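# Tertiary structure, described
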Amino acid sequence: MALIEKLAAIANAIRSKTGKTDGLTLEQMPGEIEGIETGGVSEQDLLEAMATRDWPSGDIVINAEKILDNAFVDRKKITSVIADNATELGYCAFSGCDSLLTADFPEVTIVNEKSLAYCTALTTLNLPELTTITGYNSFRANKALTWMTLPKLAEFKGTVFYPWGEAKALKVLDIGPALGNFKAGQAFISGYGPIVLVLRYDGVCVLNSVENVAGSVIRNGRGYLLIPSAHLEEYKVATNWSSLLGLGDEFLALEDYTVDGTVTGALDVVKIEELIAE
């Protein structure tokens, strides 16, 4: 690792521990390190660890409002993340964290390019306030993440899920009522999911091109689209959506697959699993 990369890694690590987001000069770093609780680890050991991919490790808690670009890129020993105050994930913030199992971002509204790419062990991801995915490949190659719920997503860009890959690909993508335009170009290119795409928008969500779902199970005619029953027949004749129906996909009433029989209700896991198994 080049010296400048080591210094950047150290600065990112210091900020992750202190919760600060300002830039750091070489002169400021020692003072910031002195204030970090290290659990008995010497400052020298801490510095060496921060300059490698072995720190931090295990379960981490982050207090910063923005998790900076490349903050934890390729950190191989992080297993879980909780960031209660974060509202934005920077470029490649957790990219390559291939031991990460769970990630909880209860206040994040913006996810940038490759923020959570190559987190190949990730099985649980909580993004209840996410509204905007600004960049490409934000969730690239997260092949263990099979169910994803984005209740407030309003906009996303490009090949967001490229590629999920292998048998344990994305099976369920549940998108809330704010997304009225499914315009991301080739969102699932070269992937296999989702098998079940849930669109809760009160109307016909615009599909600019069938290429927007190229590479998905749905584009290949083996998937299910769960749509509010009031708009079911509209989808069946709508531009581009109707061509998917012609491929053999099934358009189903969302209310038949929620626990309370409403458009806003949580999905009935048993019924969804039965769909996937068919």
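Residue numbering note: each chain is counted from 1, following its sequence as written. This being a predicted model, a pLDDT of at least 70 is required before a residue's local features are given, and a value of 80 or more before pairs of side-chain atoms are given or counted; all residues contribute to the totals for chains, interfaces and linings. Neither water nor hydrogens contribute to the side-chain values; these are computed over all heavy atoms in the structure.

For this analysis, a salt bridge means a side-chain nitrogen from Lys or Arg found within 4 Å of a carboxyl oxygen belonging to Asp or Glu. Counted under the stated rule, the structure contains 5 salt bridges. For E88, the salt bridge identified is with K66, shortest N-O distance 3.7 Å. A residue pair is termed long-range when its members are at least 10 positions apart, and E88 in strand 4 (residues 88-89) and K66 in strand 2 (residues 66-67) qualify at 22 residues. Only protein chains enter the accessibility calculation, which uses a 1.4 Å probe; a residue whose area is less than 20% of its type maximum is buried, one above 50% is exposed, and one in between is partly exposed. The exposure class of K66 is partly exposed, given its relative accessible area of 31%. Residue R200 is joined to D174 by a salt bridge in which the shortest nitrogen-to-oxygen separation is 2.8 Å. One end of the pair, R200, is in the loop between strand 13 (196-199) and strand 14 (206-207); the other, D174, is in strand 11 (residues 172-175), with 26 residues separating them in the sequence. Only DSSP runs of H or I reaching four residues or more are called helices, and only runs of E reaching two or more are called strands; each is numbered from the N terminus.

A few words now on helix 6 (residues 269-277). Of all the positions in helix 6, only I272, L275 and I276 are classed as buried. Projected down its long axis, helix 6 carries its buried residues within an arc of 100°, all on one side. Structural note: helix 6 exposes V270 and A277 on the side pointing more than 90 degrees away from its buried face. Residues of helix 6 that are buried in the fold lie against strand 9 (147-150), strand 11, strand 13, strand 15 (224-227) and strand 16 (250-253). Under the rule applied, a polar contact is a pair of N or O atoms within 3.5 Å (in protein, one hydrogen donor and one hydrogen acceptor; residues adjacent in sequence only if both atoms are side-chain atoms). If you check the start of helix 6, you find a side-chain oxygen 3.1 Å away from the backbone N of V270, and it comes from D268. Comment: arc refers to directions from the helix axis out to C-beta atoms. Residue contacts are defined here by distance: any two heavy atoms, one from each residue, within 4.5 Å place the two residues in contact.

Turning to the sheet that holds strand 2, a few remarks are in order. Paired strands, as defined in this entry, are two strands with at least two bridges between them according to DSSP. One open sheet holds the 5 strands; their spatial order is 2-4-6-8-10, and the pairing between them is parallel. Pairing within the sheet leaves two strands with one partner each, and these edge strands are strand 2 and strand 10 (155-156). Pairing analysis gives 2 bridges linking strand 4 to strand 6 (residues 110-111), with the strands arranged parallel. Bridge pairing links E88 to I110 in strand 6.

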